[in-house]
Every structure is written in C-alpha cells, then in structure tokens.
Amino acid sequence: MKLFAAEQIYAADKFTIEKQQITSDALMEQAAIQIFNWMHLRMQGAPVKIHLFCGIGNNGGDGMALARHLQEHGYNIEVYVVNYSEKRSKDFLINLDRLKDRKIWPNFMDSDCEFPEIHRDDIIVDAIFGIGLNRAPSDWVVNLIDHLHKSEAFVLSVDIPSGLYTDKIPTNEKAVVKANYVLSFQAPKLIFFLPDTGIYIGQWEVLDIGLDPEYLSATEVEYEIIGKNEVLPIYKPREKFTHKGTYGHSLLVGGSYGKIGASILATKAALKIGSGLVTAYIPKCGYIPMQTAVPEAMVVTNSDENIADIDFKIEPDAIGIGVGLSTEKETVNAFSKFLDKNKLPLVVDADGLNILSENKELLKKLPENSILTPHPKELERLIGKWKGDFDKLKKAKAFSKKYACVLVIKGANTVILFNGKGYINTTGNPGMATAGTGDVLTGVITGLLAQGYDSLGAAIFGVYLHGRAGDMVVEQVGYQSLMASDIIEALGDAYIDLFKVPEQSPEQQEQQEEG
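Described below are features of the structure shown in this document.

About the cut-offs
Residues numbered from 1 in each chain as written. Predicted model: local features only at pLDDT ≥ 70, side-chain atom pairs only at ≥ 80, totals over all residues. Heavy atoms only, no water. Helix = DSSP H or I, 4+ residues; strand = E, 2+ residues; numbered from the N terminus. Contact = heavy atoms within 4.5 Å. Areas by Shrake-Rupley, 256 points an atom, 1.4 Å probe, with all protein chains shown as cover. Lys, Arg positive; Asp, Glu negative; His and termini not counted. Charge placed at Lys NZ, Arg CZ, Asp CG, Glu CD. Pairing = 2+ DSSP bridges. Axes fitted to C-alpha atoms, helices over the stretch in contact; angles between N-to-C directions. Buried < 20%, exposed > 50% of the residue type's maximum accessible area, 1.4 Å probe, protein only. Right-handed = clockwise from strand over helix to strand, strands pointing away. Salt bridge = Lys/Arg side-chain N within 4 Å of Asp/Glu carboxyl O. Polar contact = N/O pair within 3.5 Å; in protein donor to acceptor, adjacent residues only side chain to side chain. Expected span 1.5 Å × (residues − 1).

Thoughts on the overall build of the protein
No. 1: On a plain count of helices and strands, the protein comes out with 19 helices and 18 strands.
No. 2: The principal-axis extent of the C-alpha atoms belonging to the protein is close to 85 × 50 × 45 Å.
No. 3: A separation of at least 24 residues holds for 74% of the contacts in the protein among residues at least 6 apart in sequence.
No. 4: Put simply, the protein shows about 23400 Å² of open surface, and 49% of that area lies on carbon and sulfur atoms.
No. 5: Across the protein, the 51 positively charged side chains and the 67 negatively charged ones have centroids separated by 6 Å.

What follows is the structure, given as structure tokens:
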C-alpha cells in the first residue's frame, strides 16, 4: 500500500473533484459518511456523549459534517469550534451553516474560554488540525489538548492526530493529541510507523473516501507499507520436478567462542525458510554444537575460537556473514581479505556491521545489492547520529545509495531502503525484542537469496515472514516468553498463512447481508 505525502493527497483531491465533476464539499461529505458508518456500526445508537472538537479548516469541516450525521441518527453530541486562527476554509463554513440549519449550535472556543467537562466514559472526536498543520499550536490549544487527555475519554482522530506534522517531528509532545484510534483517509501516513511519532497513535484504520484510483495508482511515492498483498507476488512456488540443488546453497559465516548459538539460529533459519543446502562456516569450538543442533546442515571449521580466515571450496548461491563473528583483529583481517575476492551480494549483520562501522574503507568493497540489517545502534555507527526519524531516514537513504546496498533498519516497523525508496513492514510484535531474533532474520534472508530471490525481494519477503512467524507464535507463548527459536519453528506457519483467506470485517459482512 502506498504512503502518500500531504501534497499528493491535496493533488488527489483536486484530480478527483475535476474528474468526477463534484464540489470539494461533496468530497468532504463522502469522508464524513465513511467516518459515521464506521462509528455507527460499532456504537449502534449507544447513548454515549460524543464531544466533537473541530478546527476551522477542512479537518474541522469533516468533523462538522460528521456531527450532522450523528445528530440525524439520534446520537448525543456536543460540537466545539476551536478558533485557533482568523481564517476559515470555505468547506468549513459550508458545513457550519448546515449545522445551524439543523438547529445545532456549536460552542465557539478561544483563548479566554472555559474547557467543557468530559467524562471518562464519553467519546472525543478530534478534528482540530489536519495534514496541513505547519506551525506549533497556540498555548491555549495545547492546554485544551492536555484537558482532553486528562479526561481519559476515548479519542478518535479524523485522518491524523491533531498536532502531528506529516514531514517533521513535533517539538512539544503536549501539543499533540494521543489518539486511541485514527481513521486515516485513503491511506495511512508515514508518521504512523516511525518511533518518534507512532507513539501518538493507538490503532489506525484506512477509510476509502473515493479519491480517484487512476491518480492513486499512477502516483509514485517515496514509501510503501508491506503486508500480505504486497509479498504474495514475490513468492516463488516450488515445481514438481526439482531437487535440493534447485533451491540454492546458503553459506553462513559467523560464530566465535561463546557465540556459536547465533550461528546455529541463522543456519537453522536458512534451512527452515527453504534453502536447499546450508553450510555453516564456524570456528572449531562450534563444530559439535552445530552438528548436534542442526544435523541437516554441513559444517566447515576454521581456527579454534575465532574465524581467522574465510576460505572455502564450495560454491554458495548466497552468503550471510556476521552473526556471533567477533571483532578480533584476526577476524577483521579475514573479513577484509574475503571482501577482496568475493563477488556475491552479502547479507551482513551483527559483528559484520560492527567491523564495517569501525573500518569504513571496507564499505567500498561490498558487492552491489548486498543487504545490511542493522538495529538502531548499529545503524548509528554506520551513518552517524541523527536528529529525529526524518533525519535518520534521509541519512540512511543516502548511505544506501552511496554503497548500492539494501538497508534493513530493524525496529517495531522495520524499514527497508533501496535505490531511494522505502518499504515499511507491518508484521512483528514487541515479543520479538529478544536475543537471537536478528540472527534468525539473517538466516531467513540468506536462505531466500539462495533460492533465487533478488536482494530487495529477499529483504522484503524475509522481513515479512520473520515478523509474521513472530505474530503467530506470540499468540501461543505471550510476549515475555517468545524466543528466537520459536520464530524459526513458526516460519512454516507463516508460509501457509500467505494463502489463507482473511476473515470478513463487520463492514464486509454487513454489505454482504444487504446484498
């Protein structure tokens, strides 16, 4: 699914209005009806007090139109106009007049007003600011937002939590509405997925407000989110008359004394994800543990406790390097010499990344389309410190372009960057914040590369399956008890899940019954 920038949404509005020969307030009405339908389906006329806080721009106009539909269906509403500016949008004024025509008299709020009493069992609809916010709210509006939070009422934000910008980080967290739920028009926003801004959003859902599909499909975007629909076309089915050689040979280089477990996890993951053959290249101290834990794998050993040379006679189709590797001087030298002769794109993680960050000249030796999988601290060592998530993404994109690599930034929503474009994963959960899950991901991506997936496809598909396996197993063991090895065991379930038909939503069931 595409993530559109604010200016692209405005352009889509304009294109839709011109193509469909409708007015802008008619498009606003479509949006309001979608929000009303969402609320009405869940509330079914419940006698809950609904407080609608509307700004004086188009977001406020959406709120005004919603208020009218709620009142027409008998809901107990109170409407507030947040007068944060002298300017009024045309569609806001149209919908204000429509409210007054129905004898609904909003409460006009300014810097001198008293804030209304809100009970914790009430519902707040936040329609104060939209995606066009470009400056910090006034102090009295910040106090109003604080008042909403103190009520502890359920907050539903229209399109975006008020106070958030679409292209930068807010400087005052008290100036941002913390929404329990966000109904986002046509597509989610990039800020829903970033650590600095995602904290203001509990859950979100997309509402189709009828923007022209021709424009949306033709518009190139900087970021996309990755779900089942996006990875299904990447999947390579297995043919009947094939053998283990058809599905590639993965080589996992890593391990050191005390860190052989990392190599075991990566090796097992490469096998579980479907690599036809897997060889673990490890120090001698790991030989017996590896052969015992992963009998399906082949093992090549090096010096006793750390890898001092990377030399092998096999011809792998993909190489993953770095898990448990250590950063001893002899290992760094071995890694450098290996890069001099290796031509295959690599999957580099953990100590492989640490070696690169401490020896930046080695980055120039990386083959094109190599995949680097840093967690935030490893990323900082590679690209330097950043000021907020947007700055981080800018620097990471520049790094990815400079070294022609796929950069997998691990996190709550893992971001994959390649050739100036970003892909944001939607699978995974907090239970995966545990030792070894990154080693598993290295094995997964390496195993997919060996099977013939290109670097970007292997990264996207691997991150999705890795996260989906974690989501499936966490339902059985809980967040605290999830271990990396559990994710490996659930990879098969993640594959099977690709082809399961999703359950119908309440809206779909209702539409089917009406049909």
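Focus on the sheet that holds strand S7 (residues 179–185)
No. 1: In space, the seven strands of this open sheet follow the order S4-S3-S2-S5-S6-S7-S8, with parallel pairing throughout. On the outer flanks of this sheet lie strand S4 (107–109) and strand S8 (201–207), each paired with one strand and no other. Neighbour-to-neighbour, the strand axes of this sheet turn through a mean angle of 20°, independent of strand direction.
No. 2: Summarising the sheet, strand S6 (residues 154–158) and S7 pair through three bridges and their orientation is parallel. Directly across from Ser157, in S7, lies its bridge partner Val182.
No. 3: Lying over the sheet, helix H5 (residues 139–151) contacts strand S2 (50–54), strand S3 (77–82), S4 and strand S5 (123–127), oriented at roughly 155° with respect to S3.

Section: the side chain of Asp497
No. 1: With respect to the element layout, Asp497 can be found in helix H18 (residues 491–497).
No. 2: Classification of Asp497 by relative accessible area gives buried; the value is 8%.
No. 3: Not counting chain neighbours up to four residues away, the residues in contact with Asp497 comprise Lys228, Tyr464, Arg468 and Met472.

As for the pairing of strand S13 (residues 318–321)
No. 1: Residues Ala318 and Gly320 line one face of S13 and the alternating positions Ile319 and Ile321 line the opposite face, and both faces are buried.
No. 2: One ladder, built from four bridges, connects strand S10 (residues 249–253) with S13; its direction is parallel. When the bridges of S13 are listed, Leu251 appears paired with Ile319.
No. 3: Relative to strand S14 (residues 346–348), S13 is paired through three bridges, and the arrangement is parallel. Within S14, the residue paired with Ile321 across the bridge is Val348.
No. 4: With respect to chirality, the unit in which S13 leads through helix H11 (residues 329–341) into the neighbouring parallel S14 is right-handed.

What to know about the pattern of salt bridges
No. 1: Enumeration according to the criterion identifies 24 salt bridges in this entry.
No. 2: Across the pair Arg98 and Asp25 runs a salt bridge whose closest N-O atoms are separated by 2.7 Å. Of this pair, Arg98 sits in helix H4 (residues 90–101) while Asp25 sits in helix H2 (residues 24–43), and the two are 73 residues apart along the sequence.
No. 3: As a salt-bridge pair, Lys377 and Glu380 come within 3.4 Å of each other at their nearest N and O atoms. Separated by three residues within a single helix, Lys377 and Glu380 lie in helix H13 (residues 376–383), roughly one turn from each other.
No. 4: One salt-bridge network, in which partners are shared between bridges, spans Asp25, Glu29, Arg68 and Arg98.

Some words on the sheet that holds S13
No. 1: An order of S1-S9-S18-S17-S16-S15-S14-S13-S10-S11-S12 is seen for the eleven strands of this open sheet, with the pairing classed as mixed. Every interior strand has two partners, whereas the edge strands, strand S1 (2–3) and strand S12 (298–301), have only one.
No. 2: Summarising the sheet, strand S15 (residues 371–372) and strand S16 (residues 406–409) pair through two bridges and their orientation is parallel. By the bridge assignment for S16, Ile371 is matched with Val406.

A short note on the side chain of Asn429
No. 1: Within the secondary structure, Asn429 sits in the loop between strand S18 (421–425) and helix H15 (437–450).
No. 2: With a relative accessible area of 14%, Asn429 lands in the buried category.
No. 3: In this structure the side chain of Asn429 is engaged in a polar contact, spanning 2.9 Å, whose partner is the side chain of Asp471.
No. 4: Beyond its immediate stretch of four places on either side in the chain, Asn429 contacts Gly470, Asp471, Val474, Tyr479 and Leu482.

A few points about helix H9 (residues 260–272)
No. 1: Over its 13 residues, H9 extends 18 Å from the first C-alpha to the last, a length consistent with the 18 Å expected when each residue adds 1.5 Å.
No. 2: Inspection of H9 places Ile260, Ala262, Ser263, Ile264, Leu265, Ala266, Thr267, Ala269 and Ala270 among the buried residues, and these make up the whole buried set.
No. 3: The inward-facing, buried residues of H9 abut S10, strand S11 (277–282), helix H10 (287–293), H15, helix H17 (484–489) and H18.
No. 4: The first or second residue beyond H9 is Gly274, which carries a positive phi of 120°.

Brief notes about unusual backbone geometry
A negative phi angle characterises most non-glycine residues, just as the trans form characterises most peptide bonds.
No. 1: Phi is positive for Asn369, close to 70°, though the residue is something other than glycine.
No. 2: Secondary-structure assignment places Asn369 in the loop between helix H12 (351–358) and S15.
No. 3: Positive phi, normally seen in glycine, also occurs at Asn419, with a value near 55°.
No. 4: For Asn419, the position within the fold is in the loop between strand S17 (415–418) and S18.

Things to note about the environment of Tyr453
No. 1: Of note, Tyr453 is situated in the loop between H15 and helix H16 (455–477).
No. 2: Owing to a relative accessible area of 5%, Tyr453 belongs among the buried residues under this scheme.
No. 3: Considered as a pair, Tyr453 and Lys236 are 217 residues apart in the sequence and their alpha carbons are 8.1 Å apart.
No. 4: In contact with Tyr453, not counting residues within four places along its chain, are Ile234, Tyr235, Lys236, Leu448, Ala458 and Phe461.
No. 5: A distance of 2.8 Å separates a polar side-chain atom of Tyr453 from the backbone nitrogen of Lys236.

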